[in-house]
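So you can see what is in the structure, the chains are spelled out below.
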Amino acid sequence: MTTILLTGAAGYIASHTWLALQQAGFRVIGVDNFTNSSPVVLDRLAELATAPIEFEPADVCDAAALDEIFGRHRPAAVVHFAAFKAVGESVAQPLAYYRNNLGGLVNTCEVMRRHGCARMVFSSSATVYGAPEQLPLREDAPTSATNPYGATKLMGEQILRDLGVADPTWQTASLRYFNPVGAHE
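As a starting point, this report considers the structure included with it. All residue numbers refer to position in the chain's written sequence, counted from 1. In keeping with the predicted nature of the model, local features appear solely for residues at pLDDT of at least 70, side-chain atom pairs appear and are counted solely at 80 or more, and the whole-chain, interface and lining totals rest on all residues. Where side-chain values are given, they derive from all heavy atoms of the structure, hydrogens and water being excluded.

### Details of the packing of aromatic side chains
Inference 1: Pairing of aromatic side chains requires ring centres within 6.5 Å, counting the rings of Phe and Tyr and the six-membered ring of Trp. Pairs whose planes differ by under 30 degrees are stacked, by over 60 edge-to-face, and all others tilted. Throughout the structure, instances matching the rule amount to three aromatic pairs.
Inference 2: On the numbers, 5.3 Å between centres and 65 degrees between planes, the contact of F84 with Y97 is edge-to-face. Placement of the pair is F84 in the loop between β4 (77–80) and α4 (87–92) and Y97 in helix α5 (residues 94–114), with a sequence separation of 13 residues. The exposure classification of F84 matches that of Y97, with both residues buried. Labels follow the DSSP assignment, with helices taken as runs of H or I lasting at least four residues and strands as runs of E lasting at least two, numbered in each case from the N terminus. Burial classes: relative accessible area under 20% of the type maximum marks a residue as buried, over 50% as exposed, and values in between as partly exposed (1.4 Å probe, protein chains only).

In structure tokens:
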């Protein structure tokens, strides 16, 4: 069974992704530091999951913790949701957003490289379209950032593109959400 490391695993979109990955037959190892989420989510996941919930409390900015997790679980890919997520807060605390969102992404990629893992799905955002010139938006519309949160997502996408140019073995995809909604019974 293929193992996927899911960062920011107790967050809203990530928790739904966790269940979908399990239903698709993947073993999921969740990682979260509960900065933007609650451990209660793990209890709810355990009720809904089709397989046991495997969770590692860790911060993606902590390289030693990630190295240990990679060494024990040997994930084949990472789905990276771990990030601060509030536009207004990013304007008030830009350095915290750059440190966490970009530092966590770079750290995760460095740990992945050390462990021979070169597949990542990156949770980006529709904020990378900035102030669109026309609607409806197309995926190939020009990108720009109007706030630090959006800048971290735009820079995150660029980091992954640059990584793929430098090392073509990397396979990455960026998901740009608008208004995610969902529910489970």
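### Some points on the packing of α5 against helix α6 (residues 148–166)
In a packed pair of helices, the relevant descriptors are the angle between the two axes and the axis-to-axis distance.
Inference 1: For the pair α5 and α6, interaxial distance at closest approach is 9 Å and the crossing angle is 20 degrees. Considered as vectors, α5 and α6 are oriented roughly parallel to each other. Viewed along their axes, α5 and α6 form a crossing whose handedness is right-handed. Residue-level inspection shows P94, Y97, Y98, N101, L102, L105, V106 and C109 of α5 in contact with α6, the latter providing P148, Y149, A151, T152, M155, G156, I159, L160 and L163. In this analysis, axes come from line fits to C-alpha atoms, helices being fitted only over the stretch in contact, and the angle between any two N-to-C directions falls in the range 0 to 180 degrees. Any angle between 65 and 115 degrees counts as roughly perpendicular, while under 35 counts as roughly parallel, over 145 as roughly antiparallel, and the rest as oblique. Here is the rule for handedness: rotate from the far helix to the near one, and if that takes an anticlockwise turn smaller than a right angle the crossing is left-handed, while a clockwise turn gives right-handed. Whether two residues touch is decided by their heavy atoms; if any such pair falls within 4.5 Å, the residues are in contact.

### Quick look at the environment of G88
Inference 1: Note that G88 resides in helix α4.
Inference 2: Residue class for G88 comes out exposed when judged on its relative accessible area of 54%.
Inference 3: Sequence-wise, G88 and P148 are 60 residues apart; in three dimensions their C-alpha atoms are separated by 9.0 Å.

### Topic: the pairing of β4
A regular strand carries its side chains on alternate faces of the sheet.
Inference 1: Because side chains alternate across β4, one face comprises the buried residues A77 and V79, and the other comprises V78 and H80, equally buried.
Inference 2: When DSSP finds two or more bridges between two strands, those strands count as paired. Two strands pair when backbone bridges link them, and strand β1 (residues 3–7) and β4 are joined in this way by four bridges, in the parallel orientation. Its bridge partner lying in β4, T7 is registered against H80.
Inference 3: Summarising the sheet, β4 and strand β5 (residues 119–123) pair through three bridges and their orientation is parallel. Bridge pairing in β5 links V78 to M120.

### So, the layout of surface pockets
Using a probe with the size of a water molecule, rolled over the atoms, empty space left in the structure can be pinpointed.
Inference 1: Each cavity reported here is a set of points on a 1 Å grid over the protein atoms alone in which a 1.4 Å probe fits but cannot get out, each pocket an open set with protein on both sides within 12 Å along at least five of seven lines, and each lining residue one with an atom within 4 Å of a point. Grid points are joined across faces, edges and corners, and a volume is the space filled by probe spheres set on the points. Space inside the largest pocket adds up to approximately 570 Å³.
Inference 2: Breaking the lining of the largest pocket down by element, the ones donating at least two residues are α1 (12–23), β2 (27–32) and α6.
Inference 3: When residues are sorted by character, Ala, Val, Leu, Ile, Met, Phe, Trp, Tyr, Cys and Pro go into the nonpolar class, Asp, Glu, Lys and Arg into the charged class, and all the rest, Gly among them, into the polar class. Split by residue class, the lining of the largest pocket holds 15 nonpolar, eleven polar and four charged.
Inference 4: Every residue lining the second largest pocket is counted, 13 residues in all, and those nearest its centre are P132, E133, Q134, A141 and P142.
Inference 5: For the lining of the second largest pocket, the per-class residue count stands at seven nonpolar, three polar and three charged.

### A closer look at the packing of α1 against helix α2 (residues 40–48)
Inference 1: The contact between α1 and α2 brings their axes to 11 Å, and the two run at 25 degrees. When the axes of α1 and α2 are compared, the pair comes out roughly parallel. The chirality of how α1 crosses α2 is right-handed. Only V41, L42, L45 and L48 of α2 make contact with α1, whose side of the interface consists of S15, W18 and L19.
Inference 2: Of the residues assigned to the contact of α1 with α2, the class counts are six nonpolar, one polar and no charged.

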